[in-house]
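Each chain, letter by letter, is given below.
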Amino acid sequence: MTAPTSRTDKGTRGFDIDLHVTFTRPLPEAQARAALLALPGFTVDLYRPHPNPTGQTHTGQTPTQTPEEVPGVPSARLTGPLTDPDAVRAGLAALLGGDARYVEVGLRGFLRSAQGQTEWMPWRRNVVLPRADVARVTFEESIRFVLE
């Protein structure tokens, strides 16, 4: 049995981890997912640039791209409930010792409607730390830590 995530709870409010990872260079999807295994149990959204942001070529036709032509993954977002702060810190240290250029992490407030639409609350404060100071990350509500 897997533990339910708060993402499925509709009509609720609370706080979830909101974590953004920017990689040192765009990674292939498989490599990006492998790097993010350092932080298990979170919902992962991979961000990548659209291969053709305007949707048309210079001739006005919609292009078709093979998977090899699609750019790599430059960053990702992980969200979910905070269950073990020490495990998250260990995962952050592993990411920052590997493929991550910088990481933004915090315990962020959310409101989720009965239809499942999530509204994230703004951060109250940002704290910038050197990448080696992962141990100083506290999971206080509405405070974002930037490790670079």
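All of these numbers come straight from a predicted model, not from anything done at the bench.

1. Remarks on the overall build of the protein
Move 1: Of the regular secondary structure elements, the protein holds 2 helices and 7 strands.
Move 2: Of the regular secondary structure in the protein, the N- to C-terminal order runs β-α-β-β-α-β-β-β-β.
Move 3: At a minimum sequence separation of 6, the contacts of the protein that also span at least 24 residues come to 69%.

2. Looking at unusual backbone geometry
Move 1: Although it is not a glycine, Ser142 adopts a positive phi angle of roughly 70°.
Move 2: Turning to its location among the elements, Ser142 is positioned in the loop between strand 6 (125-129) and strand 7 (143-147).

3. Observations regarding the nonpolar core
Move 1: Grouped together as the largest cluster of nonpolar side chains are 30 residues, with contacts concentrated most on Leu19, Val21, Phe23, Leu36, Leu92, Val103 and Val105.
Move 2: Of all the elements in the fold, those that place two or more residues in this core are strand 1 (12-27), helix 1 (29-36), strand 3 (73-80), helix 2 (85-96), strand 4 (100-112), strand 6 and strand 7.
Move 3: If one sorts the elements of this core by residue count, strand 1 sits on top with 5 residues.

4. Topic: the side chain of Arg77
Move 1: Within the secondary structure, Arg77 is located in strand 3.
Move 2: For Arg77, a relative accessible area of 13% puts it in the buried group.
Move 3: A polar contact is formed between the side chain of Arg77 and the side chain of Asp18, at a distance of 2.8 Å.

5. Let's talk about the pattern of salt bridges
Move 1: Taken as a whole, this structure holds 7 salt bridges when the rule is applied.
Move 2: Across the salt bridge formed by Arg108 and Asp18, the nearest N and O atoms sit 2.8 Å from each other. Taken as a pair, Arg108 in strand 4 and Asp18 in strand 1 lie far apart in primary sequence, 90 residues in all.
Move 3: The class of Arg108 is buried, set by a relative accessible area of 16%.
Move 4: With a shortest N-O distance of 3.3 Å, Glu104 and Arg144 are connected by a salt bridge. Taken as a pair, Glu104 in strand 4 and Arg144 in strand 7 lie far apart in primary sequence, 40 residues in all.

6. Structural notes on the pairing of strand 3
Move 1: Most of strand 3 is tucked away: 7 of the 8 residues are buried.
Move 2: Relative to strand 3, strand 1 is paired through 7 bridges, and the arrangement is antiparallel. For Ile17, the partnering residue across the bridge sits in strand 3 and is Gly80.
Move 3: Two elements, strand 2 (residues 43-47) and strand 3, share 5 bridges in a ladder whose sense is antiparallel. Across the sheet, Asp45 pairs through a bridge with Arg77, a residue of strand 3.

7. As for helix 2
Move 1: The terminal C-alpha atoms of helix 2 lie 16 Å apart, and with 12 residues this matches the ideal 16 Å at 1.5 Å per residue to within 8%.
Move 2: Residues of helix 2 that are buried make contact with strand 1, helix 1, strand 4 and strand 7.
Move 3: The residue sitting at the N-terminus of helix 2 and contributing the capping side-chain oxygen is Asp84; that oxygen lies 3.2 Å from the backbone nitrogen of Asp86.

The rules behind the values
Residues numbered from 1 in each chain as written. Predicted model: local features only at pLDDT ≥ 70, side-chain atom pairs only at ≥ 80, totals over all residues. Heavy atoms only, no water. Helix = DSSP H or I, 4+ residues; strand = E, 2+ residues; numbered from the N terminus. Contact = heavy atoms within 4.5 Å. Core = buried A, V, L, I, M, F, W, Y, C linked by side-chain atoms within 4.5 Å. Buried < 20%, exposed > 50% of the residue type's maximum accessible area, 1.4 Å probe, protein only. Polar contact = N/O pair within 3.5 Å; in protein donor to acceptor, adjacent residues only side chain to side chain. Salt bridge = Lys/Arg side-chain N within 4 Å of Asp/Glu carboxyl O. Pairing = 2+ DSSP bridges. Expected span 1.5 Å × (residues − 1).

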